[in-house]
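Breakdown of the fold
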Amino acid sequence: MNLNDLLKWRYATKKMNPQKAVPQDKVDRIIEAVRLTATSSGLQPYELIVVTNPEVREKIKAIAWNQGQVTDGSHLIVFAAWDNYTADRINHMFDLTNDERGFKNEGWEAYRAKLLALYPGRDAETNYQHAARQAYIGLGTALIAAAAEGVDATPMEGFDPAALDEILGLRAKGLRSVIILPLGYREEDKDWLVNLKKVRRPNSQFVSEVK
């Protein structure tokens, strides 16, 4: 299938088959797609936590409106954003880039200085919200990558972020949960949404042009 066909195939799966696990190589490719995706200034200001432990996922389900996909899927990806932009975090990414490329660029170093003068001085909540928006870019990539692998995925904001942070010990790592993404396979005979037509606004209501 081409990309648009894959996007027509995917939907927010409501019932996943707990007996059917996603092969690890598929999960690895989905994660790699997220790792390679775009982020502002290339800072990658979020991390992925892949939860397969059944007991931990049961705890998460309890603070996620008891949504079955959390435990019925075989993998749960948690997108956790930096709680703040710090000089250390910014410098780490710029140093990593220099090390990987094997040289320093004057313009790149000037851009580093610009970010160091701007980001750490802002309040932590402003910086977290910016980082969280980068995580949503990763989520979009994950949904497309999952569809390309024939894997079902259900993005979820319906959970208690503070409780999830505590379950996974995220605050101690300087992270805050943003969104969760169960991966699995649809159980078609038990999913009320599977055969319903996908509905989106037509281009005439969605796209406008400035010429």
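Just above, that's the structure.
The sections below set out a description of the structure shown in this document.

Conventions used here
- Residues numbered from 1 in each chain as written.
- Predicted model: local features only at pLDDT ≥ 70, side-chain atom pairs only at ≥ 80, totals over all residues.
- Heavy atoms only, no water.
- Pairing = 2+ DSSP bridges.
- Helix = DSSP H or I, 4+ residues; strand = E, 2+ residues; numbered from the N terminus.
- Salt bridge = Lys/Arg side-chain N within 4 Å of Asp/Glu carboxyl O.
- Core = buried A, V, L, I, M, F, W, Y, C linked by side-chain atoms within 4.5 Å.
- Buried < 20%, exposed > 50% of the residue type's maximum accessible area, 1.4 Å probe, protein only.
- Contact = heavy atoms within 4.5 Å.
- Polar contact = N/O pair within 3.5 Å; in protein donor to acceptor, adjacent residues only side chain to side chain.
- Axes fitted to C-alpha atoms, helices over the stretch in contact; angles between N-to-C directions.
- Left-handed = near helix turned anticlockwise from the far one by under 90°.
- Nonpolar A, V, L, I, M, F, W, Y, C, P; charged D, E, K, R; others polar.
- Phe/Tyr/Trp six-rings, centres within 6.5 Å; stacked < 30°, edge-to-face > 60°.
- Lys NZ or Arg CZ within 6 Å of the ring centre and 35° of its normal.
- Expected span 1.5 Å × (residues − 1).
- Arc of directions from axis to C-beta.

Re the sheet that holds strand β3 (residues 152-153)
- Spatially, β1-β2-β4-β3 is the arrangement adopted by the four strands of the open sheet, whose pairing is antiparallel. The open sheet is flanked by β1 (46-51) and β3, the only strands paired with a single partner.
- Taken together, the eight bridges between strand β2 (residues 75-82) and strand β4 (residues 175-184) define a ladder with antiparallel strand orientation. Each residue of the ladder has a partner; that of I77, found in β4, is L181.

Points about the pattern of salt bridges
- Overall, the coordinates contain 14 salt bridges when judged by the stated rule.
- In this structure, the salt-bridge partner of D95 is R112, at a minimum N-O distance of 2.9 Å. With D95 in helix α5 (residues 87-101) and R112 in helix α6 (residues 106-118), this residue pair connects regions lying 17 residues apart in the sequence.
- Here the salt bridges do not stand alone but share partners, grouping K15, D72, E187 and K190 into one network.

Some words on the nonpolar core
- Counting residues in hydrophobic clusters, the biggest one holds 47 residues, and the most contacted among them are L43, V78, F79, I180, L181 and L183.
- Mapped by element, the contributors of at least two residues to this core are α2 (24-36), β1, β2, α5, α7 (124-148), α8 (161-168) and β4.
- The element contributing the most residues to this core is α7, with nine residues.
- When residues no more than four places from it in sequence are discounted, the contact partners of L183 are M16, V22, V27, I30, G73, S74, H75, I77, A146, V151, D152 and A153.

Examining the side chain of T13
- Counting through the fold element by element, T13 comes out in the loop between α1 (3-9) and α2.
- Once residues within four sequence positions are removed from consideration, T13 is found in contact with Q69, D152, A153, T154, R186 and D191.

Re the side chain of T39
- In this structure, T39 sits in the loop between α2 and β1.
- A polar contact is formed between the side chain of T39 and the backbone nitrogen of Q44, at a distance of 3.1 Å.
- Sequence-distant contacts of T39, that is, excluding residues within four places in its chain, are made with Q44, P45, Y46 and Q134.

Topic: the packing of α2 against α7
- Put simply, α2 and α7 touch, their axes get as near as 8 Å, and they point 145° apart. For α2 against α7, the interelement crossing comes out right-handed. For the pair α2 and α7, the contacting residues are I30, A33 and V34 in the first and G138, T141, A142, A145 and A146 in the second.
- Among the residues forming the contact of α2 with α7, the class breakdown is six nonpolar, two polar and no charged.

Quick notes on the environment of R10
- Examined against the element boundaries, R10 turns out to sit in the loop between α1 and α2.
- Each C-alpha atom of the pair R10 and N91 lies 39 Å from the other, and the pair is 81 residues apart in sequence.
- Setting aside residues up to four positions removed in sequence, R10 forms contacts with L143, A147, A153, P155, R186 and K198.

Quick notes on the packing of aromatic side chains
- Summed over the entire model, instances satisfying the criterion amount to six aromatic pairs.
- Measuring from centroid to centroid gives 6.2 Å for Y46 and F79, while their planes differ by 35°, and the two rings are tilted. Here Y46 is found in strand β1, whereas its partner F79 is found in strand β2, with 33 residues between them in sequence.
- For Y46, a relative accessible area of 9% gives the class buried.
- By way of ring pairs, the aromatic residues W82, Y85 and Y119 are connected into one cluster.
- Cation over ring: K20 sits above Y185, and NZ or CZ is 4.5 Å from the ring centre.
- Taking NZ or CZ as reference, R101 lies 5.8 Å from the ring centre of W108, over its face.

Observations regarding α2
- Taking 1.5 Å per residue as the helical rise, α2 with its 13 residues ought to reach 18 Å, and the 18 Å between its terminal C-alpha atoms agrees with that figure.
- Turning to α2, its buried residues number three or more, namely K26, V27, I30 and V34. What you see down the axis of α2 is that its buried residues fit within an arc of 100°, all on one side.
- Buried residues belonging to α2 abut β1, β2, α7 and β4.

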